[in-house]
Amino acid sequence: MTYEKGTELPPLQVHVTRDQLVRYAGASLDFNPIHWNERFAKEVGLPDVIAHGMLTMALGGRLVTDWLGDPGKLVEYSVRFTRPVVVSPEGADVEFTGKVAEVREDGTARVDITAKFDGKTVLGKAQAVVR
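Here the structure is a predicted model, which is why all the values come from computation and not from measurement.

(A) Just the environment of Pro-84, in detail. Looking at the element boundaries, Pro-84 is found in the loop between β2 (74–81) and β3 (92–103). The exposure class of Pro-84 is partly exposed, given its relative accessible area of 37%. Separated by 32 residues in the primary sequence, Pro-84 and His-52 have C-alpha atoms spaced 8.2 Å apart. In this view, Pro-84 contacts Ile-50, Phe-117 and Val-122; residues no more than four positions away in its chain are not counted.

And the structure:
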């Protein structure tokens, strides 16, 4: 695959459910009750349960690997967690978009990723390097 600066990745819409949060907690061994216990989440000042930051990050990575068609071509990936994804009983819709921001001489490219929930960015400086 040849990368061109400005190429936009196909957007990814993900509906995150509380059931997925419980499954992710089991897979990741992150059983913090802010991710599955509504009463506890509200007691600590959150509006409701929130998605695991690493789950949100993983979904952003999926945007890139779906586009690449080969997860082995993703060589580096980093994000900053800027805002939680609040998951109501009905779930939460998160939209991921990406664009090739830089093509490097070594054949790699940097992809900038945007993740939005409720119209607001939830990942900051989300960047992937692909080969």
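Read on, since the account is not over.
(B) Focus on the pattern of salt bridges. Under the counting rule described, the total for this entry stands at 10 salt bridges. Residue Lys-99 is joined to Glu-8 by a salt bridge in which the shortest nitrogen-to-oxygen separation is 4.0 Å. A residue pair is termed long-range when its members are at least 10 positions apart, and Lys-99 in strand β3 and Glu-8 in the segment before β1 (12–16) qualify at 91 residues. Relative accessible area serves as the criterion here: at 40%, Lys-99 is assigned to the partly exposed category. Judged by relative accessible area, Glu-8 falls into the exposed class, the value being 57%. Between Arg-110 and Asp-112 there is a salt bridge, and its shortest N-O distance comes to 2.8 Å. Overall, the relative accessible area of 26% leaves Asp-112 in the partly exposed class. Ionic contacts of the salt-bridge type, sharing partners, join the residues Arg-18, Glu-38, Lys-42 and Asp-48 into one network.

(C) Inspection of the packing of aromatic side chains at higher detail. Inspection of every chain in the model, using the stated rule, returns one aromatic pair. Relative to Trp-67, the ring of Tyr-3 lies with its centre 5.8 Å away and its plane at 45 degrees, an arrangement referred to as tilted. Of this pair, Tyr-3 sits in the segment before β1 while Trp-67 sits in helix α3 (residues 53–68); the two residues are 64 residues apart in sequence, bridging distant segments of the chain.

(D) The arrangement of unusual backbone geometry in detail. For Leu-29, which is not glycine, the phi dihedral falls at a positive 65 degrees. Secondary-structure assignment places Leu-29 in the loop between α1 (18–28) and α2 (38–43). The class of Leu-29 is exposed, set by a relative accessible area of 64%.

(E) Quick peek at the side chain of Thr-108. Positionally, Thr-108 belongs in the loop between β3 and β4 (109–117). Only 2.6 Å separates the side chain of Thr-108 from the side chain of Asp-106, close enough to count as a polar contact. The contact partners of Thr-108, leaving out residues within four places of it in the chain, are Glu-102, Val-103, Val-129, Val-130 and Arg-131.

(F) Quick peek at the environment of Thr-82. In this fold, Thr-82 is placed in the loop between β2 and β3. For the pair formed by Thr-82 and Leu-55, sequence separation is 27 residues and the distance between their alpha carbons is 14 Å. Among all residues touching Thr-82, those that are not within four sequence positions of it are Thr-121, Val-122, Leu-123 and Gly-124. For Thr-82, the side chain forms a polar contact with the main-chain oxygen of Thr-121, separated by 3.5 Å. A distance of 3.2 Å separates the side chain of Thr-82 from the backbone oxygen of Val-122, its partner in a polar contact.

(G) Fine view of the environment of Gly-119. With respect to the secondary-structure elements, Gly-119 resides in the loop between β4 and β5 (120–121). By relative accessible area, which is 65% here, Gly-119 ends up exposed.

Conventions and cut-offs
- Residues numbered from 1 in each chain as written.
- Predicted model: local features only at pLDDT ≥ 70, side-chain atom pairs only at ≥ 80, totals over all residues.
- Heavy atoms only, no water.
- Helix = DSSP H or I, 4+ residues; strand = E, 2+ residues; numbered from the N terminus.
- Buried < 20%, exposed > 50% of the residue type's maximum accessible area, 1.4 Å probe, protein only.
- Contact = heavy atoms within 4.5 Å.
- Salt bridge = Lys/Arg side-chain N within 4 Å of Asp/Glu carboxyl O.
- Phe/Tyr/Trp six-rings, centres within 6.5 Å; stacked < 30°, edge-to-face > 60°.
- Polar contact = N/O pair within 3.5 Å; in protein donor to acceptor, adjacent residues only side chain to side chain.

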